[in-house]
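Coordinate inspection notes
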Amino acid sequence: MELTDLFPEKGEIQRLYCQNCGGNLDLRFPEFHEDVSGINIHIMGLPELFCEKCNTGYLPDDSRFAVIYLHEQATKKGSNLVNVTRNKTNQNFGFTDVPFVYDSDDYKYIPGLKRPFDEGFLTPVFFNKEVLLKYDSSPTYRISFASTTYGDIRQGDEFSMPFGLNKNGKVIMWLGDIARLPINEQYYLRSENIDSDHSIGSEFYDGQIECKFTDHSKEDTLFQCRSDFLESCFKRFGVKFAHLDDEVFEMALEFNGPIVDTEKERRHVTDTLNKIYIESFDNNALGEVLSTLGEDPKNLGSNKRLQKIMESIASVDDIPSIMCPFYVLYDLRVAYSHLGSKDGSEERLKSVKERLGLEADSQLNEIYGAVVEQLSSSYTQLSSVVNSGT
Ligand SMILES: [Zn+2]
């Protein structure tokens, strides 16, 4: 390698995306060992941005300057050999007295985080995913999702703190944001705080740093519609209509549409949708709200409870048709889990397709697409029912 190769190209700004495939780069600290214009340079732990997919590394500007500097020093000394170990920056940015674990190298070497003011504010701090479930089940905090991997932790109307999940399922928040939390909350967060994995590429990064909003998959859109609906219900009734448990959240994160139309896939897809979008409703919470509205929740399942709540607050009379996709999903799961037996499953499946407005010979992917789209639309309509008159 020639020394001139190390000079950043004019006008080229190193970003978090691979120049080859456009994928996200991770920060890592490998060994640098190269002949640079006749000087053998060996550096342990030189920060590099790496694309796993292309197996390609990119040197951030500060790493390039470090090599150039070492080359210059060696030239001055008349030496043709450099052998050094780079020390990590390990800088404490302040902001809070709670001893969060983070890596100041992330702030310094991940593109887009450095600012001329508030040094260290945008340092990523990493947490176990469980931290979100705890906030979700807290009575004072809510989690609001813009997709399955990007959202806000909220309290009241004033406080909201963005978070994201990276590809390894770790939760990321900014150090400066965390410091705005009450001190006891910070200690609580600290208990789920883990070492950085230096992987920050996520919808969170795209939205927060690049102001880039990717088109959502229909699964992410549905998850967001659900979250918006739950938020509207909380604002109106002061009660959380649903919770995410570990299993359900895991399912939502990993969930994709069907690839093949097999019996196994049919069961998997409809079971998953059912668990996330129907079974996660808190039947007790729905029952309590229904009682306060003067209705009797006894012997009613969550779909019926939800429907009755909506009917008693709605000024429109088409709640049954808005709720239809919930019943369709339920029936679809029953039909698929008993298909082939003589208990009317074929009939049930036929009725599902009719209610979705599909042809009788529609396959799994069409049925799935229609269910997901119509459920999203139902959630949106239900949100406006809840929001109207508040
Ligand atoms: Zn790549």
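Before reading on, note that the structure itself is shown above.
As a starting point, this report considers the structure included with it. For clarity, every value in this text was computed on a predicted model and none was experimentally measured. Along every chain, residues carry numbers that run from 1 in the direction the sequence is written. With the structure being a predicted model, the display of local features is reserved for residues of pLDDT at least 70 and the display and counting of side-chain atom pairs for 80 or more, all residues being used for whole-chain, interface and lining totals. The side-chain values count all of the structure's non-hydrogen atoms but skip hydrogen atoms and water molecules.

1. Description of helix α9 (residues 246-254)
Only protein chains enter the calculation, and the probe is 1.4 Å; a residue is then buried if its accessible area is under 20% of its type maximum, exposed if over 50%, and partly exposed in between. Labels follow the DSSP assignment, with helices taken as runs of H or I lasting at least four residues and strands as runs of E lasting at least two, numbered in each case from the N terminus. Along α9, the positions that sit buried rather than exposed are V248, F249, M251 and A252. One side of α9 carries all its buried residues, which in axial view fall inside an arc of 160°. Tucked into the core, α9 has its buried residues touching α4 (130-137), β8 (141-147), β10 (159-165), α8 (218-237) and α10 (263-279). Identification of polar contacts relies on pairs of N or O atoms within 3.5 Å, with a donor-acceptor requirement for protein atoms, meaning one able to donate a hydrogen and the other able to accept it, and with residues adjacent in sequence counted only if both atoms are side-chain atoms. For α9, the N-terminal cap is D245; the gap from its side-chain oxygen to the backbone nitrogen of E247 is 3.2 Å. To obtain the arc, one takes the directions from the helix axis to the C-beta atoms. Contacts are assigned to residue pairs that have any heavy atoms within 4.5 Å of one another.

2. Concerning the sheet that holds strand β3 (residues 39-44)
Strand order in this open sheet of 3 strands is β2-β3-β6, and the pairing throughout is mixed. The sheet terminates laterally at β2 (32-36) and β6 (81-85), the two strands that pair on one side only. Within this sheet the neighbouring strands show an average axis-to-axis angle of 10°, counted without direction. As defined by bridge partners, β2 adjoins β3 across 5 bridges and the pair is classed as antiparallel. Each bridged residue has a counterpart across the sheet, and for D35 the counterpart in β3 is N40. The angle between two axes is taken between their N-to-C directions and runs from 0 to 180 degrees, where each axis is a line fitted to C-alpha atoms and a helix contributes only its stretch in contact. Against the sheet, helix α2 (residues 61-77) engages β2, β3 and β6, with an angle of about 130° to β3. Note on pairing: two strands pair once DSSP finds at least 2 bridges between them.

3. What to know about the layout of surface pockets
The calculated volume of the largest pocket comes to roughly 300 Å³. Grid spacing is 1 Å over the protein atoms alone, the probe is 1.4 Å, and a cavity is where that probe fits but cannot get out, while a pocket is an open set with protein on both sides within 12 Å along at least five of seven lines and lining residues have an atom within 4 Å of a point. N24, N166, K167, S199 and G201 are, among the 19 residues lining the largest pocket, the residues nearest its centre. Each residue gets one label: Ala, Val, Leu, Ile, Met, Phe, Trp, Tyr, Cys and Pro are nonpolar, Asp, Glu, Lys and Arg are charged, and the others, such as Gly, are polar. Residues belonging to the lining of the largest pocket are distributed by class as follows: 5 nonpolar, 9 polar and 5 charged. Grid points are joined across faces, edges and corners, and a volume is the space filled by probe spheres set on the points.

4. Points about the environment of F127
With respect to the element layout, F127 can be found in strand β7 (residues 124-127). Looking at F127, the relative accessible area reads 0%, which means it is buried. Residues F127 and S378 lie 251 residues apart in sequence; the distance between their C-alpha atoms is 34 Å. Among all residues touching F127, those that are not within four sequence positions of it are F100, K170, V171, M173, I178, L189, E192, N193 and I194.

5. Here we look at the coordination of the zinc ion
Only N, O and S atoms count as donors, using a 2.8 Å cut-off from the metal and 3.2 Å for Na, K and Ca, and because water is excluded some sites may appear unfinished. Looking at the zinc ion, the protein donor atoms are C18 (SG), C21 (SG), C51 (SG) and C54 (SG), and they sit 2.3 to 2.4 Å from it. If you look at the zinc ion, its 4 donor atoms make angles of 105 to 116° with each other, and the shape they trace is tetrahedral. Motif for the zinc ion, donor spacing along one chain: C-x2-C-x29-C-x2-C. Taken together, the positions of C18 in the loop between α1 (3-6) and β1 (26-28) and C54 in the loop between β4 (48-51) and β5 (56-58) put the pair 36 residues apart, joining distant regions of the chain. For C18, a relative accessible area of 4% corresponds to the buried category. Angular criteria define each label, namely tetrahedral for four donors with all angles between 85 and 135 degrees, square planar for four and octahedral for six donors with opposite donors over 155 degrees apart and remaining angles between 65 and 115, and irregular for whatever fails these tests.

Geometric values such as these leave the question of function open.
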